Amino acid sequence: MVYLKLFWEFFKTGLFAIGGGMATLPFLKNIGETTGWYTYGDLMNMLAVSESTPGPIGINMATYVGYTVSGIPGAFIATIGEVTPSIIVILIVAMMLKKFRDNKYVNQAFYGLRPASTGLIGAACVAVVLEVLTSIESVKPAAGEGIVNAFRIAGDSLLNWRGLALAAVLLVLTNWVKPVKNWHPIVFIGISAVVGVAFGFAGV
């Protein structure tokens, strides 16, 4: 049953995630909450790994989640579930493109989908950002509970100063420091990973 559920959840994600790979975030957030397969913290790790590896982030996330839930078979099934709707939709669109390319109702439908997609991505990002930059952690549910429904403050401070400092430095480097602002994102991801390891060794 877990394989069928993986396929179904990622089929829905692939079908309704309008706006690219990042549009899968609200769906992944919802999957974690309703199934208890992973927490917000796990989701952040999945996002970091997916951004660091080659390929579309939506497919990378599906593969990672599937592997986390049920190993290699789960990774394969989740990935198939993610890409199946796109294949179906592209085939349908290819057949009907000429007829509906300039249809005003189709154009207006997409006009409405864009801000909706933006809002959903923003809502998911807020939850992730709060956990990265603060000490608020989601509590993983006990077996059988199924829903992530509790939070706690880890440590003595509400703010995660390490996350805030690293985010601030990366924001400055990627936007205002000319020698490095055009570096490939993977470079900054690598630097961040090294800094995280250094924090771990330093015990901070």
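Residues numbered from 1 in each chain as written. Predicted model: local features only at pLDDT ≥ 70, side-chain atom pairs only at ≥ 80, totals over all residues. Heavy atoms only, no water.

### Some points on the packing of helix α3 (residues 40-52) against helix α5 (residues 104-133)
Thinking step 1. Relative orientation of the contacting elements α3 and α5 amounts to 95 degrees, with a least axis distance of 10 Å. Overall, the two elements α3 and α5 adopt an arrangement that is roughly perpendicular. For the pair α3 and α5, contact is made by Tyr40, Gly41, Leu43 and Met44 and by Ala127, Val128, Glu131 and Val132, respectively.
Thinking step 2. Its residues assigned to classes, the contact of α3 with α5 comprises six nonpolar, one polar and one charged. (Axes fitted to C-alpha atoms, helices over the stretch in contact; angles between N-to-C directions. Helix = DSSP H or I, 4+ residues; strand = E, 2+ residues; numbered from the N terminus. Parallel < 35°, antiparallel > 145°, perpendicular 65-115°, else oblique. Contact = heavy atoms within 4.5 Å. Nonpolar A, V, L, I, M, F, W, Y, C, P; charged D, E, K, R; others polar.)

### So, a nonpolar patch on the surface
Thinking step 1. A surface patch of nonpolar side chains, about 330 Å² in accessible area, is lined by Leu15, Phe16, Val89 and Val93.
Thinking step 2. Only α1 (2-16) and α4 (57-100) provide two or more residues apiece to the nonpolar patch.
Thinking step 3. Valine 93 gets classed as partly exposed once you look at its relative accessible area, which sits at 40%. (Patch = residues over 30% accessible without salt bridge, like charges linked within 9 Å, V, L, I, M, F, W, Y side chains within 5 Å. Areas by Shrake-Rupley, 256 points an atom, 1.4 Å probe, with all protein chains shown as cover. Salt bridge = Lys/Arg side-chain N within 4 Å of Asp/Glu carboxyl O. Buried < 20%, exposed > 50% of the residue type's maximum accessible area, 1.4 Å probe, protein only.)

### Considerations on the environment of glycine 74
Thinking step 1. Mapping glycine 74 onto the fold places it in helix α4.
Thinking step 2. Since its relative accessible area comes to 0%, glycine 74 is described here as buried.
Thinking step 3. Each C-alpha atom of the pair glycine 74 and alanine 62 lies 9.4 Å from the other, and the pair is twelve residues apart in sequence.
Thinking step 4. Setting aside residues up to four positions removed in sequence, glycine 74 forms contacts with Tyr3, Leu6, Gly66 and Tyr67.

### A few points about the side chain of threonine 24
Thinking step 1. Considering the arrangement of structural elements, one finds threonine 24 in the loop between α1 and α2 (25-35).
Thinking step 2. With residues near it in sequence (within four places) discarded, threonine 24 still touches Thr13, Ala17, Gly58 and Glu82.

### Description of the pattern of salt bridges
Side-chain pairing between opposite charges can occur once the charged atoms of the two side chains come close.
Thinking step 1. Across all of its chains, the model carries three salt bridges by this definition.
Thinking step 2. Linking lysine 5 and glutamate 9 is a salt bridge whose minimum nitrogen-to-oxygen distance equals 3.6 Å. Of this pair, lysine 5 and glutamate 9 both sit in helix α1, four residues apart, which is roughly one turn of the helix.
Thinking step 3. For lysine 5, a relative accessible area of 38% puts it in the partly exposed group.
Thinking step 4. Lysine 12 is paired through a salt bridge with glutamate 9; the nearest N and O atoms lie 3.6 Å apart. With lysine 12 and glutamate 9 both in helix α1 and three residues apart, this pair spans about one turn of that helix.
Thinking step 5. A residue is classified by how much of its surface remains accessible, and lysine 12, at 28% relative accessible area, is partly exposed.
Thinking step 6. One network of salt bridges, in which partners are shared, links Lys5, Glu9 and Lys12.

### Topic: the packing of α2 against α5
Thinking step 1. At their nearest, the axes of α2 and α5 sit 8 Å apart, and the two run at 55 degrees to each other. In terms of orientation, α2 lies oblique with respect to α5. In contact with Leu25, Pro26 and Lys29 of α2, α5 contributes Leu120, Ile121, Ala124, Cys125 and Ala127.
Thinking step 2. Its residues assigned to classes, the contact of α2 with α5 comprises seven nonpolar, no polar and one charged.

### Looking at the packing of aromatic side chains
Thinking step 1. This model, assessed by the stated rule, comprises four aromatic pairs.
Thinking step 2. Measuring from ring centre to ring centre gives 6.1 Å for tryptophan 8 and phenylalanine 11, while their planes differ by 15 degrees; the resulting arrangement is stacked. Taken together, the residues span about one helical turn, with tryptophan 8 and phenylalanine 11 both in helix α1 at a distance of three residues.
Thinking step 3. On the basis of relative accessible area, phenylalanine 11 is assigned to the buried category, the value being 19%. (Phe/Tyr/Trp six-rings, centres within 6.5 Å; stacked < 30°, edge-to-face > 60°.)

### As for the nonpolar core
Thinking step 1. By size, the foremost hydrophobic cluster in this structure holds 18 residues, and its most contacted members are Phe10, Leu28, Tyr38, Leu43 and Met61.
Thinking step 2. No other element matches α4, which puts five residues into this core.
Thinking step 3. Leave out the neighbours within four places in its chain, and methionine 61 touches Leu25, Leu28, Leu43, Met46, Leu47 and Ser50. (Core = buried A, V, L, I, M, F, W, Y, C linked by side-chain atoms within 4.5 Å.)

Structural measurements only, silent on function.
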